[in-house]
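Take a look at the letters that make up each chain.
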Amino acid sequence: MSIEERIRQQVTENDVVLYMKGTPQFPQCGFSGKSVQILKSCGAQFKGVDVLADPEIRDGIKRYSNWPTIPQLYVRGEFVGGSDIMSELYEKGELQKLLAGAGS
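Residues numbered from 1 in each chain as written. Predicted model: local features only at pLDDT ≥ 70, side-chain atom pairs only at ≥ 80, totals over all residues. Heavy atoms only, no water.

Participant: I'd like a description of the packing of aromatic side chains, backed by residues and values.
Facilitator: The final tally for this structure, using the stated rule, is four aromatic pairs. Seen from their ring centres, tyrosine 19 and tyrosine 74 are 5.8 Å apart, and the 80 degrees between their planes marks the pair as edge-to-face. Here tyrosine 19 is found in strand β1 (residues 16–20), whereas its partner tyrosine 74 is found in strand β3 (residues 72–75), with 55 residues between them in sequence. Note on tyrosine 19: relative accessible area 0%, which makes it buried. Relative to phenylalanine 79, the ring of tyrosine 74 lies with its centre 5.3 Å away and its plane at 50 degrees, an arrangement referred to as tilted. An aromatic cluster is defined as three or more aromatic residues linked by ring pairs; in this entry it consists of Tyr19, Tyr64, Trp67, Tyr74 and Phe79. (Phe/Tyr/Trp six-rings, centres within 6.5 Å; stacked < 30°, edge-to-face > 60°. Helix = DSSP H or I, 4+ residues; strand = E, 2+ residues; numbered from the N terminus. Buried < 20%, exposed > 50% of the residue type's maximum accessible area, 1.4 Å probe, protein only.)

Right, dumping it as structure tokens:
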């Protein structure tokens, strides 16, 4: 299975996936930590994927999304964005709507 296939499987088998540095319990960068806090404040159930533990995923997710930075959020298989976009959507109340019913 190619790295792209692995990523596609992760984002389609889980309603909400956050590719991040570290784990939801122990984020390894401020942006990942902020993203976890946003998702938790929305009450979202999500799968965290630690890109530091798997260099193939770390490089592959950037190609898969055509987005250069980590963290990256996927909801129902669709790329949403990184930490700044998540913050912006959260402040507007749009992220909560997007997450409604996902991962429950």
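Participant: So what's going on with the sheet that holds strand β4 (residues 78–81)? Which residues, and what values?
Facilitator: As summarised here, the arrangement of the four strands in space is β2-β1-β3-β4, forming an open sheet in which the pairing is mixed. Every interior strand has two partners, whereas the edge strands, β2 (47–50) and β4, have only one. Across the sheet, the axes of successive neighbouring strands diverge by a mean angle of 25 degrees, strand direction being ignored. In this fold helix α1 (residues 3–13) packs onto β1, β2 and β3, with an angle of close to 135 degrees to the strand it touches most, β1. In the packing of helix α4 (residues 83–92) onto the sheet, the strands contacted are β1, β3 and β4, and the crossing angle to β4 comes to about 85 degrees. (Pairing = 2+ DSSP bridges. Axes fitted to C-alpha atoms, helices over the stretch in contact; angles between N-to-C directions. Contact = heavy atoms within 4.5 Å.)

Participant: Break down the pattern of salt bridges for me, citing the residues and quoting the values.
Facilitator: In this structure the tally under the stated criterion is four salt bridges. Where arginine 6 meets aspartate 54, a salt bridge forms, and the shortest distance between an N and an O atom there is 2.7 Å. Of this pair, arginine 6 sits in helix α1 while aspartate 54 sits in the loop between β2 and α3 (55–65); the two residues are 48 residues apart in sequence, bridging distant segments of the chain. A relative accessible area of 26% places arginine 6 in the partly exposed class. We classify aspartate 54 as buried; its relative accessible area is 19%. Salt-bridge contacts for arginine 6 lead to glutamate 56; the nearest nitrogen and oxygen are separated by 3.5 Å. Linking arginine 6 in helix α1 with glutamate 56 in helix α3, this pair joins segments that are 50 residues apart in sequence. A network of salt bridges, in which partner residues are shared, links Arg6, Asp54 and Glu56. (Salt bridge = Lys/Arg side-chain N within 4 Å of Asp/Glu carboxyl O.)

Participant: Talk me through the pairing of β4; I want residue IDs and the actual numbers.
Facilitator: Sheet analysis places β3 next to β4, joined by three bridges and oriented antiparallel. Pairing of valine 75 across the sheet is with glutamate 78, part of β4. What sits between the antiparallel neighbours β3 and β4 is a turn of two residues, in which arginine 76 has the positive phi angle 50 degrees.

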